[in-house]
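For reference, the chains in residue letters:
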Amino acid sequence: MSLLEIEHLAVKLGGLTIVQDISLQVDKGEIVCVLGANGVGKTTLMRTLSGIYHPSAGTIMLDGHPIHRLPAHAIVRLGLAQAPEGRQIFPTMTVEENLILGGIQQGKKSSERDRVLSIFPLLKDRLKQKAGSLSGGEQQMLCIGRALMGRPRILLLDEPSLGLAPRLVRQIFDLLQQIRRQGIAILLVEQNARAALKISDRAYVVEGGRISLNGTAAELAGDGRVRRAYLGERRGEASTAADIPEGESQKRGISA
């Protein structure tokens, strides 16, 4: 049984069907990424998993329990937390106050805060600083750290690299792998397909509110359609060993 299992999910907003017939799963300890252009329903999907929206059809199961009709706070208590697109921290509150709010549903306080700060040590010296005064990268760390305060079993991340410099993007993605090593599964929506596929176990491509492709991250990284649409490769351009995730060059007989 998968930790998170979505079957034939559909979501209507304002009379329009935004998500239609999506099925995907996330297993314990996995990083799974969802790729797709703007406006195809990725954020709607994440908000529905979090309980902000309710589906018009389909089911969402968390560790075998249906959550698709539950309110957002109940879903958090069951172990699913989201770091939303655009960070959405509380800018006039301190870093410490933002973290405390993240754990309030679970009653998590100082011990959980110390664990989060061990992952994001840059925040430790900024606990009394207003969150709005942090840099973009620090705000993203705070957003993820706030979600981790409830000690979730699965973490939803919506565009964590948005607006960040390349150096900070690498740092954020390194931290995601550290989070995964703590046993937390991650469902990642990300425009930076190259970075997302590099750290993910499996991937799905959403087009027009539907899953159009899915497979291992290595399989999708080598798929010509994905390479042209999301990795910037032109038709007929040959793959190179440098472009292929670690381990795949040996599978394909390509020497480094």
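What counts as what
Residues numbered from 1 in each chain as written. Predicted model: local features only at pLDDT ≥ 70, side-chain atom pairs only at ≥ 80, totals over all residues. Heavy atoms only, no water. Helix = DSSP H or I, 4+ residues; strand = E, 2+ residues; numbered from the N terminus. Buried < 20%, exposed > 50% of the residue type's maximum accessible area, 1.4 Å probe, protein only. Contact = heavy atoms within 4.5 Å. Areas by Shrake-Rupley, 256 points an atom, 1.4 Å probe, with all protein chains shown as cover. Pairing = 2+ DSSP bridges. Patch = residues over 30% accessible without salt bridge, like charges linked within 9 Å, V, L, I, M, F, W, Y side chains within 5 Å. Salt bridge = Lys/Arg side-chain N within 4 Å of Asp/Glu carboxyl O. pLDDT = per-residue confidence, 0-100. Axes fitted to C-alpha atoms, helices over the stretch in contact; angles between N-to-C directions. Polar contact = N/O pair within 3.5 Å; in protein donor to acceptor, adjacent residues only side chain to side chain. Core = buried A, V, L, I, M, F, W, Y, C linked by side-chain atoms within 4.5 Å. Parallel < 35°, antiparallel > 145°, perpendicular 65-115°, else oblique. Left-handed = near helix turned anticlockwise from the far one by under 90°. Nonpolar A, V, L, I, M, F, W, Y, C, P; charged D, E, K, R; others polar.

So, the overall build of the chain
Counting its secondary structure elements, the chain contains 10 helices and 10 strands. The buried share of the chain, reckoned over its 256 residues, is 49%. Expressed as a percentage of contacts within the chain between residues at least 6 apart in sequence, the contacts between residues at least 24 apart total 67%. In the form shown here, the chain has an accessible surface area of approximately 11,900 Å², with 50% of it arising from carbon and sulfur atoms.

Regarding the pairing of strand β7 (residues 154–158)
Counting buried positions along β7 yields 5 of 5 residues, so the element is predominantly enclosed. Neither face of β7 is left uncovered, since the one carrying Ile154, Leu156 and Asp158 and the one carrying Leu155 and Leu157 both have all their residues buried. Here strand β6 (residues 80–83) pairs with β7 via 4 bridges, running parallel. Of the residues in β7, the one forming a bridge with Leu80 is Ile154.

Describing a nonpolar patch on the surface
Taken together, the side chains of Phe90, Leu101 and Ile104 make up a nonpolar region of the molecular surface, amounting to roughly 270 Å² of accessible area. Positionally, Leu101 belongs in helix α3 (residues 95–102).

A few points about the sheet that holds strand β5 (residues 65–66)
Across the sheet, which stays open at both edges, the 4 strands sit in the order β2-β1-β4-β5 with antiparallel pairing between neighbours. In this open sheet, the two edge strands, each paired with only one partner strand, are β2 (16–26) and β5. Pairing between strand β4 (residues 57–62) and β5: 2 bridges, direction antiparallel. Considered in β5, the bridge of Met61 is made with Pro66.

So, unusual backbone geometry
Trans is the common state for peptide bonds, and a negative phi is the common state for residues other than glycine. We note that His8 has phi near 50°; this positive angle belongs to a residue other than glycine. One can find His8 in strand β1 (residues 4–13). Positioned with a positive phi, Arg87 is a non-glycine residue whose angle comes to about 70°. Structurally, Arg87 can be placed in the loop between β6 and α3.

Things to note about the confidence of the model for the chain
Looking at the chain, pLDDT values average 88 and 88% of them are 70 or higher. Ignoring residues within four places in sequence, the model shows residues 238–256, a span with pLDDT below 50, making 19 contacts including any to other chains.

Considering the sheet that holds strand β10 (residues 210–216)
Across the sheet, 6 strands lie side by side as β6-β7-β8-β3-β9-β10; this open sheet has mixed pairing. Two strands bound the open sheet, and with one partner strand each, they are β6 and β10. Between one strand axis and the next, the sheet turns by 15° as a mean value, whatever way the strands run. As paired strands, strand β9 (residues 202–207) and β10 are joined by 6 bridges and run antiparallel to one another. Within β10, the position partnered with Arg202 by the bridge is Thr216. Running at roughly 150° to β7, helix α1 (residues 42–49) makes contact with β3 (31–35), β6, β7 and β8 (185–189) of the sheet. Contacts from helix α6 (residues 166–181) reach β3, β7 and β8, with the element oriented near 150° to β8.

Things to note about the side chain of Gln82
Mapped onto the fold, Gln82 is located in strand β6. For Gln82, a relative accessible area of 17% corresponds to the buried category. A distance of 2.5 Å separates polar atoms of two side chains, one belonging to Gln82 and the other to Ser50. For Gln82, the contacting residues outside a window of four places in its chain are Met46, Arg47, Ser50, Ala147, Leu156 and Asp158.

Describing the nonpolar core
One finds Phe120, Ile144, Leu176, Ile179 and Leu197 to be the most contacted residues of the largest nonpolar core, which totals 49 residues. If one sorts the elements of this core by residue count, α6 sits on top with 7 residues. One finds Leu4, Ile6, Tyr204 and Val206 within the second-largest nonpolar core, a separate group that totals 27 residues.

Focus on the packing of helix α5 (residues 136–148) against α6
Where α5 contacts α6, the two axes come as close as 10 Å, and the packing angle between them is 15°. In terms of axis orientation, α5 runs roughly parallel to α6. Between α5 and α6 lies a crossing of right-handed hand. Taken together, the residues of α6 that come into contact with α5 (itself represented by Gly137, Gln140, Met141, Ile144 and Leu148) are Leu168, Gln171, Ile172, Leu175, Leu176 and Ile179. Looking at side-chain class alone, the contact of α5 with α6 contains 8 nonpolar, 3 polar and no charged residues.

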